[in-house]
Amino acid sequence: MATQIDKEACRDAYNEVRDDATETNWAAFKYEGSRIVPAGQGTDYEDFKGLCTDDSRLFGFVRITTGDAMSKRAKFTLITWIGENISGLQRAKISTDKTLVKDIVQNFAKEFMISDPRELDEDYIRTELKKAGGANYDAQAE
């Protein structure tokens, strides 16, 4: 059966993360049978990481604040999590299903495909986003 996505609910979760007026900084999208649906959203990145288990496959849209005291800016990333216990067929399917998610999640600086929990480290993601952002004007020590 072809995978479908709950466009309206997923778009609402995505827009809440992008909205500067909210504290929400992540939204996750999971499989429910052959449908992709919102799995949750929140303000604590650790809560998102908690959804990324060995038995799960999901997509995450995450806001990370970068910059220094002079200039803060929000950067967004799309994370595809594939747990260690996910079968080969499901691993292959997630790559094609990602196009459904990208129809909704369209604005992000960098995309990650992760299956090692260590790569979910927030500092690692932040560093990679800074690299993807080009020039780095963080305050320098003199």
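See above for the structure.
Reading the values: the criteria
- Residues numbered from 1 in each chain as written.
- Predicted model: local features only at pLDDT ≥ 70, side-chain atom pairs only at ≥ 80, totals over all residues.
- Heavy atoms only, no water.
- Helix = DSSP H or I, 4+ residues; strand = E, 2+ residues; numbered from the N terminus.
- Rg over C-alpha atoms; globule rule 2.2 N^0.38 Å.
- Buried < 20%, exposed > 50% of the residue type's maximum accessible area, 1.4 Å probe, protein only.
- Contact = heavy atoms within 4.5 Å.
- Areas by Shrake-Rupley, 256 points an atom, 1.4 Å probe, with all protein chains shown as cover.
- Lys, Arg positive; Asp, Glu negative; His and termini not counted.
- Charge placed at Lys NZ, Arg CZ, Asp CG, Glu CD.
- Disulfide = S-S within 2.5 Å.

With that settled, consider the overall build of the protein chain. When helices and strands are counted, the protein chain shows 4 helices and 6 strands. Element order for the protein chain, N to C, with α for helix and β for strand: β-α-β-β-α-β-β-α-β-α. For 142 residues, the compact-globule estimate of 2.2 N^0.38 gives 14 Å, and the protein chain sits close to it at 16 Å. Counting only C-alpha atoms, the protein chain reaches 60 × 30 × 25 Å along its principal axes. In the protein chain, which comprises 142 residues, the share counted as buried stands at 37%. Considering only contacts within the protein chain whose residues lie at least 6 apart along the sequence, 59% involve residues at least 24 apart. Of the accessible surface of the protein chain, which amounts to about 8,000 Å², a share of 45% is contributed by carbon and sulfur atoms. Of the charged side chains in the protein chain, 20 are positive and 26 negative; the average position of the first set lies 5 Å away from that of the second.

Moving on: the state of the cysteines. Tallying each qualifying case throughout the model produces 0 disulfides. Unpaired in terms of disulfides, Cys10 finds its nearest cysteine sulfur in Cys52, a separation of 16 Å.

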